[in-house]
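Overview (structure and organization)
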Amino acid sequence: MKPGEMKRPLAARRSGPLCGIAAGPGDKSISHRALILGALAVGETKISGLLEAEDVLNTAAAMRAFGAEVVRDAAGDWRVWGRGVGGFDEPKDVLDFGNSGTGSRLVMGAMATTPITAVFTGDESLRKRPMGRVLEPLSKFGAEWTAREGGLMPVTIRGPQDALAIEHEVTVASAQVKSALLLAALNAAGRSRITQRALTRDHTEKMLKAFGAEISVEPLKGGGETVSVLGEVELKAANVDVPRDPSSAAFPLVAALLVPGSEIVIPAVLLNSRRTGLFETLKEMGAAIEIAKVRESGGEEVGDLVVRASSLRGVEVPAERAPSMIDEYPILAIAAAFAEGRTVMRGLEELRVKESDRLAAIVAGLKACGANVEELADGMIVEGRPGDISGGARIATHMDHRIAMSFLVCGLAAKERVSVDDVSMIATSFPEFETLMRNLGADFKVPNK
Ligand code: S3P
């Protein structure tokens, strides 16, 4: 939500079968990276299927502020003329990343080894999120920074004159931190080695390879991997075809599972195995999800999901699976509330520092909807009640798009309507959500109060 903008509540009611094709938006993670790598490369990068949502548009604006030429030709079709590694200009103003942790943290890395100064800020939600996890390791490259107490934005970073490669282990299960360090390493002399025990999403690594970086990945005994990247190399512009976002597809998908009689198709969804933990979990719960026409597109695997309404049963989700579905726990918790039996979700400390404290927001919302849920320090336990979730609640979204979409989906299957206090943040990741869901048959209305 932009400053001065009013909150926009919305209510969802129990709906008839959801049917049709749900062509969701482009992948957010890949969209940010395509713009950033395009801006660091030499030549013209062409992007198709770019997610035109607020978070990504803020990254596009930041790339312009660093001197890259970023042009929109048509819906989803963009071109970027980069500055080359180490070629960023100093932005003339503060960079405002709105709600986006990914955009801000990746760009911190991308500029931190160039001798310029940049100031980063964001909205009320982003200004509460920890930036020290990126800033502290960036110091190893020689970057200097200041932040508010607790490593909060606004943040100022000054890159060193001559950055040197680093060796570093990322101890948080965060792809943003790993990616920020890989991007910083591009302008640091020598070979940087970044180790992470958790297998977080690997879009930066894949895209760096496609842009001609010297990058290699070595699996570690006992789990995890080390990514090595050589600094001071030239990136060459490339074409990026952005697949549809599995994290956004999750909302129509779960809606179709929960609303009796539904059948939908979600075409060309990204199937990168580090992003598909939700599909795997839902299948274990008994969901009818068929993955058809698996093919390759722009270096990533994609496929069409055919989804039919299903009776779900509770499962224990392995904690090691969390990185591959970290953004999907809010909607999984909704599915769990409608499943027979108990679903245990653990290893979710990171959910406390997302766009909101998602564990607290999900648990409070589910309780208000009459579900049986217990909050744990690192997760939650949901005792499902198929066909018996009362709804009839108004949910606080805490400026969190995924909390808003999850509880609107809950309202489509609950006995009484569920309203959310604000849907404006949905535009940060999935601007077409309301229209797409209505076209499938979702009963959404602006509540009277
Ligand atoms: C993202 C990584 C994840 C995820 C976010 C996108 C990325 O965050 O929650 O939506 O594109 O690298 P963390 O790295 O903080 O886990």
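All values derive from a computational prediction rather than experimental measurement. (Residues numbered from 1 in each chain as written. Predicted model: local features only at pLDDT ≥ 70, side-chain atom pairs only at ≥ 80, totals over all residues. Heavy atoms only, no water.)

Glancing now at the overall build of the protein. Within the protein one finds 12 helices and 24 strands. Taken over the C-alpha trace, the protein has a radius of gyration of 21 Å; the compact-globule value for 449 residues is 22 Å, and the two agree within 12%. For the protein, buried positions account for 59% of its 449 residues. For the protein, restricting intrachain contacts to residue pairs at least 6 apart in sequence, the fraction spanning at least 24 positions comes to 75%. The protein carries 53 positive and 59 negative side-chain charges, and their two centres are separated by 3 Å. (Helix = DSSP H or I, 4+ residues; strand = E, 2+ residues; numbered from the N terminus. Rg over C-alpha atoms; globule rule 2.2 N^0.38 Å. Buried < 20%, exposed > 50% of the residue type's maximum accessible area, 1.4 Å probe, protein only. Contact = heavy atoms within 4.5 Å. Lys, Arg positive; Asp, Glu negative; His and termini not counted. Charge placed at Lys NZ, Arg CZ, Asp CG, Glu CD.)

The contact between helix H4 (residues 132-140) and helix H5 (residues 175-185) brings their axes to 9 Å, and the two run at 30°. Comparing their axes, H5 and H4 come out roughly parallel. Note that H4 runs across H5; the crossing there is right-handed. For the pair H4 and H5, contact is made by Arg133, Val134, Pro137 and Leu138 and by Val177, Ala180, Leu181 and Ala184, respectively. Taken together, the residues that form the contact of H4 with H5 break down as seven nonpolar, no polar and one charged. (Axes fitted to C-alpha atoms, helices over the stretch in contact; angles between N-to-C directions. Parallel < 35°, antiparallel > 145°, perpendicular 65-115°, else oblique. Left-handed = near helix turned anticlockwise from the far one by under 90°. Nonpolar A, V, L, I, M, F, W, Y, C, P; charged D, E, K, R; others polar.)

This part covers the sheet that holds strand S11 (residues 191-196). Ordered by their spatial adjacency, four strands build an open sheet running S10-S11-S13-S12, and the pairing between neighbours is mixed. Looking at strand neighbours, the two that pair on one side only are strand S10 (167-170) and strand S12 (215-219), the edges of this open sheet. Across the sheet, the mean angle separating the axes of adjacent strands is 20° when strand polarity is ignored. Here S12 pairs with strand S13 (residues 225-230) via five bridges, running antiparallel. From the neighbouring strand, Ile215 faces S13, where its bridge partner is Val229. (Pairing = 2+ DSSP bridges.)

So, about the site of the ligand. Ser29, Arg33, Thr102, Ala173, Ser174, Ala175, Gln176, Arg201, Ile326, Asp327 and Lys354 make up every residue found near the ligand. Ser29 places a side-chain nitrogen or oxygen 2.7 Å from an oxygen atom of the ligand. At 2.7 Å from an oxygen atom of the ligand is found a side-chain nitrogen or oxygen belonging to Arg33. Protein chains bury 96% of the 380 Å² of accessible surface belonging to the ligand in isolation. For the shell around the ligand, the secondary-structure elements that each account for two or more residues are helix H1 (28-40) and H5. Residues of the shell around the ligand, tallied by class, amount to three nonpolar, four polar and four charged. Two domains each donate at least three residues to the shell around the ligand, and these are domain 1 (10-26 + 243-445) and domain 2 (28-241). (Near = heavy atom within 4 Å. Polar contact = N/O pair within 3.5 Å; in protein donor to acceptor, adjacent residues only side chain to side chain. Areas by Shrake-Rupley, 256 points an atom, 1.4 Å probe, with all protein chains shown as cover. Domains from an automatic or database assignment.)

Position of Ser174 relative to the elements: it lies in the loop between S10 and H5. A distance of 3.2 Å separates the side chain of Ser174 from the backbone nitrogen of Gln176, its partner in a polar contact. For Ser174, the side chain forms a polar contact with the main-chain nitrogen of Val177, separated by 3.1 Å. Residues contacting Ser174, with those up to four places away along its chain left out, are Arg133, Gln196 and Thr200.

Time to look at the environment of Val177. Along the chain, the position of Val177 falls in helix H5. Exposure remark for Val177: the relative accessible area of 1% places this residue in the buried category. Considered as a pair, Val177 and Leu138 are 39 residues apart in the sequence and their alpha carbons are 9.7 Å apart. Those residues in contact with Val177 that sit more than four places away from it in its chain are Arg133, Val134, Val170 and Val172.

What follows concerns the domain arrangement of the protein. The domain architecture assigned to the protein consists of domain 1 (10-26 + 243-445) and domain 2 (28-241). Just the C-alpha atoms count here: the centres of domain 1 and domain 2 sit 29 Å apart. Each side of the interface is counted separately: domain 1 has 28 residues, and domain 2 has 29 residues. Here domain 1 packs against domain 2, burying approximately 2300 Å² in sum over the two surfaces, 46% of which is carbon and sulfur. (Buried area = accessible area lost by both parts, 1.4 Å probe.)

A word on the pairing of strand S17 (residues 300-308). Regular strands have side chains that alternate between both faces of the sheet. Where burial is concerned, most of S17 is hidden: seven out of the nine residues are buried. Relative to S17, strand S15 (residues 263-270) runs antiparallel, the two being bridged by six bridges. Counterpart to Ile266 in the pairing with S17 is Leu305.

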